[in-house]
Amino acid sequence: MSVERVNPAELAPAAGFSHAVVATGSRLVFLAGQTALDGSGKVVGQTLPQQFERALSNLLTALAAAGGAPAQLTRVTVYPVDVESYRRHAAELGRIWRALVGRDYPAMAVVGAVRLWDEQALVELDGIAVLD
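Below, the structure is looked at part by part. (Residues numbered from 1 in each chain as written. Predicted model: local features only at pLDDT ≥ 70, side-chain atom pairs only at ≥ 80, totals over all residues. Heavy atoms only, no water.)

**With respect to the pattern of salt bridges**
No. 1: Taken as a whole and judged by the stated rule, the model has two salt bridges.
No. 2: The partner of Asp104 in a salt bridge is Arg5, and the shortest N-O contact between them spans 4.0 Å. Taken together, the residues Asp104 in the loop between α3 (90–100) and β5 (107–110) and Arg5 in strand β1 (residues 2–6) connect sequence positions 99 residues apart.
No. 3: A salt bridge links Arg115 to Glu119; its shortest N-O distance comes to 3.3 Å. (Salt bridge = Lys/Arg side-chain N within 4 Å of Asp/Glu carboxyl O. Helix = DSSP H or I, 4+ residues; strand = E, 2+ residues; numbered from the N terminus.)

**Focus on helix α1 (residues 48–65)**
No. 1: End to end, α1 covers 25 Å across 18 residues, agreeing with the expected 26 Å (1.5 Å per residue, within 8%).
No. 2: Where α1 is concerned, the buried positions are Leu48, Pro49, Gln51, Phe52, Ala55, Leu56, Asn58, Leu59, Leu60 and Leu63.
No. 3: On the buried face of α1, the contacting elements are β3 (27–34), β4 (73–80), α2 (83–88), α3 and β6 (123–131).
No. 4: Positive backbone phi, approximately 95 degrees, marks Gly67, located one or two places after α1. (Expected span 1.5 Å × (residues − 1). Buried < 20%, exposed > 50% of the residue type's maximum accessible area, 1.4 Å probe, protein only. Contact = heavy atoms within 4.5 Å.)

**Description of the nonpolar core**
No. 1: Formed by 23 residues in total, the largest nonpolar core has its most connected members in Phe52, Trp97 and Leu125.
No. 2: Looking at this core, the elements with two or more residues in it are β3, α1, β4, α3 and β6.
No. 3: With seven residues, α1 is the largest single contributor of residues to this core.
No. 4: Phe52 has contacts with Val78, Tyr86, Leu93, Ile96, Trp97, Val123 and Leu125, leaving out every residue within four places of it along the chain. (Core = buried A, V, L, I, M, F, W, Y, C linked by side-chain atoms within 4.5 Å.)

**Some points on the packing of α1 against α3**
No. 1: Axis separation between α1 and α3 bottoms out at 10 Å; the angle between their running directions is 25 degrees. Taken together, α1 and α3 sit at an angle that is classed as roughly parallel. Regarding α1 and α3, the two cross each other, and that crossing is right-handed. Contacts between α1 and α3 pair Leu48, Pro49, Phe52, Glu53, Leu56, Ser57 and Leu60 from the former with Glu92, Leu93, Ile96, Trp97 and Leu100 from the latter.
No. 2: Looking at side-chain class alone, the contact of α1 with α3 contains nine nonpolar, one polar and two charged residues. (Axes fitted to C-alpha atoms, helices over the stretch in contact; angles between N-to-C directions. Parallel < 35°, antiparallel > 145°, perpendicular 65-115°, else oblique. Left-handed = near helix turned anticlockwise from the far one by under 90°. Nonpolar A, V, L, I, M, F, W, Y, C, P; charged D, E, K, R; others polar.)

**Side note on the packing of aromatic side chains**
No. 1: Scanning all chains against the criterion turns up two aromatic pairs.
No. 2: Ring centres of Phe52 and Tyr86 lie 6.5 Å apart, and the angle between their planes is 65 degrees; on these two criteria the pair is classed as edge-to-face. On the criterion of sequence distance, the pair formed by Phe52 in helix α1 and Tyr86 in helix α2 is long-range, its members being 34 residues apart. Of the two residues examined, Phe52 and Tyr86, each falls in the buried class.
No. 3: Their ring planes at 20 degrees and their centres at 5.7 Å tell us that Trp97 and Tyr105 sit as a pair that is stacked. (Phe/Tyr/Trp six-rings, centres within 6.5 Å; stacked < 30°, edge-to-face > 60°.)

Structural data, given as structure tokens:
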């Protein structure tokens, strides 16, 4: 699989995402939305960063189970219930991302959600990966 991250000079600088990702490979993996659920189905973490770390870990666990690795993520959408809180914690969330995924970012979007399936959930992530 090869991944090319495209960030045209004509667009605002990409910080924490890539404007476009060109990926070649033979398998697409569609990753369902993941929140901060533990193995028993209970939401863990009281803060947005805590829940973001767990939700991202859950997304990466699903990807690994499908045979993929973090570098193969090509698209991730983040659904916080409080976009302003997400913006306030952006630096910390970026550190969590880099610790778990690395310094390369997929094409990303942040979409505010009124409420998630589990009322205690503060954030949900879903994604797409391209595997060899």
